[in-house]
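Survey of secondary and tertiary structure
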Amino acid sequence: MPHVDNHQVESPETSVTSRRRLLSALVAGGAFATAAPLLAGRASAADSGSSSPARDPQDNNALNNALAREARMVGTYRLAAAAVSADDEVAGLTLILDHHIAYVHAIKGYLGPDAKDAPETPLSSPSGSLKAMAAGLAQIEDDTATIHTDILAILSGMDAAKILASIIIVEARHSAALNMISGTSPLVASGN
Amino acid sequence: MLRSTGIIAASGAVLAACGSSSASKTIARVGETPEITKLGEAAVTDVVLLRTAMSVETMAKTILTDTAVTSLVAKDSAGIVSGFANAHTSHLANLRSLISARGGEAYEEPNEKLMASYGTQALGLVAEGKSEDDVSSLMLAIETLVASMYQYFVSLTVEPALRASMIRMGAQASRAAAVAAQLINPGIGAFAPGVDKDGVATVATLPSAFGALSAVQVQLGPVNPETGSRATVSMDTPSLNSFIY
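Residues numbered from 1 in each chain as written. Chains lettered and ligands numbered in written order. Predicted model: local features only at pLDDT ≥ 70, side-chain atom pairs only at ≥ 80, totals over all residues. Heavy atoms only, no water.

A word on the packing of aromatic side chains
According to the stated counting rule, one finds four aromatic pairs over all chains in the structure shown. For the pair tyrosine 103 of chain A and phenylalanine 210 of chain B, a centre-to-centre distance of 5.4 Å together with 70° between the ring planes defines the contact as edge-to-face. With tyrosine 103 of chain A in helix α3 (residues 87-111) and phenylalanine 210 of chain B in the loop between α8 (160-184) and β1 (216-220), this pair bridges two chains. Taking the relative accessible area as the measure of exposure, tyrosine 103 of chain A reaches 0% and is therefore buried. The class for phenylalanine 210 of chain B is buried, based on a relative accessible area of 5%. Residues tyrosine 152 of chain B and phenylalanine 153 of chain B carry aromatic rings whose centres are separated by 6.0 Å and whose planes lie at 45° to one another, so their mutual orientation is tilted. Among the residues examined, tyrosine 152 of chain B registers a relative accessible area of 1% and is labelled buried. Joined through ring pairs, the aromatic side chains of Tyr152, Phe153, Phe243 and Tyr245 of chain B make up one cluster. Lying over the aromatic face of tyrosine 110 of chain A, arginine 55 of chain A brings its terminal NZ or CZ to 4.0 Å of the ring centre. (Phe/Tyr/Trp six-rings, centres within 6.5 Å; stacked < 30°, edge-to-face > 60°. Helix = DSSP H or I, 4+ residues; strand = E, 2+ residues; numbered from the N terminus. Buried < 20%, exposed > 50% of the residue type's maximum accessible area, 1.4 Å probe, protein only. Lys NZ or Arg CZ within 6 Å of the ring centre and 35° of its normal.)

This is the structure we're talking about:
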């Protein structure tokens, strides 16, 4: 009886994933390119004092942690924006949601094919009045800024440090703005 | 004929340009040109950045505690303005210990260049305008400036742990900026950039997704009766010519 061998073409396990990753990286790259002018240094001559590498692959793990956190922030704000009905409340929370989506894209764009899957698992289930929701979201923003600051302290690559710094600065603003909405006193909201 | 004449003329011009330098010494000149002294190399080290941060924090504190500002603050807002100024004092203490740990020398003066560029002008306009609204606008501008400075300095700082220390202080200033923005234009509807009923841009609490490094612009002082507008002061973060080396 003739015997027919079924030969399967062996390919590296990562090939399909890599292609998918490459495609997603290209999409994310667009967002990264959009953010790039904001991140660019202004006095390039001043960089002469810096001896840090622009990129360091050893940063990838820490950056994937930052990406995972941002993806969860996106999930959280999707719930929050869906939980309010007044137009200005929807607009305000959607604005912050869009910011976090931009952060996900910026970090993904930076990591390219090294970006790991980051599920949008919410960090909480925002509900109730806007005031109550805002207090919880402000705390989550604070925690996220702290996580990113801890990551910043161990990054070698300057490009990644610039991205995280520009995110932390605005997340601090998110936190204070939400605290003001929740009725916290201005001095406490400003972190004093 | 024409072509060869052209070639001869062009060759003459080239030869004239290549002439010996002795000819140029004979050219008449008016007055003496002083020798140009090259500036010394100044490296932007982490300590330079910390010292510069001290100069900007001192400038921020000086502006917020100036009588031009404090004399206009309403009683219920006085605590906020002094609280913001105290935060800069606290940053200064932090910066002092960061500098000392790196063998540097603290810098206790306001940044002279930046004060001359816009600090003094801003205070003069506030004094001239005598409007409490200017105090909030100035607070927003100063806190945004300080936050931008630290964000920018992260890109120049060599030591990763120090970048985190810088951004912690920047984040605090950024929080203060958001609070100032909410005091000017309160509510969640003021998060995004917008315009009022006259089409004039309103103050946004969250003007961009990423921290901006562009100059901070603020309108201060009285309305100019001829133009109908107020003076715009442009505040830039420190750069090579305003670093404290």
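As for the pairing of β1 of chain B
All names here are of chain B. Here β1 shows a buried face lined by Val216, Val218 and Leu220 and an unburied face lined by Gln217 and Gln219. Both β1 and strand β2 (residues 231-235) contribute to a ladder of five bridges, which runs antiparallel. Counted as the bridge partner of valine 216 is methionine 235 from β2. (Pairing = 2+ DSSP bridges.)

Comments concerning the interface of chain A and chain B
Listed as interface residues are 56 residues of chain A and, on the opposing side, 52 residues of chain B. Of the roughly 4,400 Å² buried between chain A and chain B, counting both surfaces, carbon and sulfur atoms make up 69%. At the surface where chain A touches chain B, the tally comes to two salt bridges. With a closest N to O distance of 2.3 Å, aspartate 142 of chain A and arginine 175 of chain B form a salt bridge. At the boundary of chain A and chain B, one finds nine residue pairs in polar contact (both at pLDDT 80 or more). Only α1 (14-39), α3, α4 (130-152), α5 (158-181) and α6 (186-189) of chain A provide two or more residues apiece to the side of chain A that touches chain B. The dominant element in the side of chain A that touches chain B, judged by the number of residues it contributes, is α5 of chain A, at 18 residues. (Contact = heavy atoms within 4.5 Å. Buried area = accessible area lost by both parts, 1.4 Å probe. Salt bridge = Lys/Arg side-chain N within 4 Å of Asp/Glu carboxyl O. Polar contact = N/O pair within 3.5 Å; in protein donor to acceptor, adjacent residues only side chain to side chain.)

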